Amino acid sequence: MKEYDLIKDNVEFILSKYEIKIGKKIRKDMMGVYWKIGFELRDLEEEELVAVIRKLVKDLPITPEMLVLSYRFYLGSPMYNKAMRWAK
């Protein structure tokens, strides 16, 4: 049974190590997604933005909150894409 406990502990450690790596990658990728969506919405006036968001929500598997968050993220970080390219 002690051998099993050691194996279990080691596998648990490996899984937790990769969960952290995967979580970081997902967060980084999602920031890129938010920025790119915001970039697409960047030139819309408020009225147009609301109309486009309504249509996108009907046509795509996305929530209005994600679209608004993406728009705001882009407005707050217009240089994000360049910064991410330099960071690689």
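Structural data are supplied above this passage.
Residues numbered from 1 in each chain as written. Predicted model: local features only at pLDDT ≥ 70, side-chain atom pairs only at ≥ 80, totals over all residues. Heavy atoms only, no water.

Describing the nonpolar core
Condition: Nonpolar core, defined: a set of buried Ala, Val, Leu, Ile, Met, Phe, Trp, Tyr and Cys residues in which side-chain atoms within 4.5 Å join the residues together. With a 1.4 Å probe rolled over the protein chains alone, any residue whose accessible area is under 20% of its type maximum counts as buried; one over 50% counts as exposed, and the rest are partly exposed. Secondary structure is summarised from DSSP: a helix means a run of H or I of at least four residues, a strand means a run of E of at least two, and numbering begins at the N terminus for each. What makes two residues a contact is simply this: any of their non-hydrogen atoms within 4.5 Å.
With seven residues, the main nonpolar core is built from Leu-41, Leu-49, Ile-53, Ile-62, Met-66, Leu-67 and Tyr-71. Elements represented by at least two residues in this core include exactly α2 (46-59) and α3 (64-76). Here this core gets three residues from one element, more than from any other, and that element is α3. Filtering out sequence-adjacent residues up to four positions away, Ile-53 remains in contact with Pro-64, Leu-67 and Val-68.

Focus on α3
For clarity, the threshold we go by: Multiplying 1.5 Å by the helix residue count minus one yields the expected span of that helix. Regarding the arc, it is the one traced by the directions from the helix axis to the C-beta atoms.
Here α3 contains 13 residues, and its C-alpha end-to-end distance of 18 Å stays within 8% of the 18 Å for a straight helix at 1.5 Å per residue. Inspection of α3 places Met-66, Leu-67, Ser-70, Tyr-71 and Tyr-74 among the buried residues, and these make up the whole buried set. For α3, the angular spread of the buried residues around the axis is 135 degrees, confining them to a single face. Residues of α3 that are exposed and point more than 90 degrees away from the buried face comprise Glu-65, Arg-72 and Gly-76. Contact partners of the buried residues in α3: α1 (2-41) and α2.

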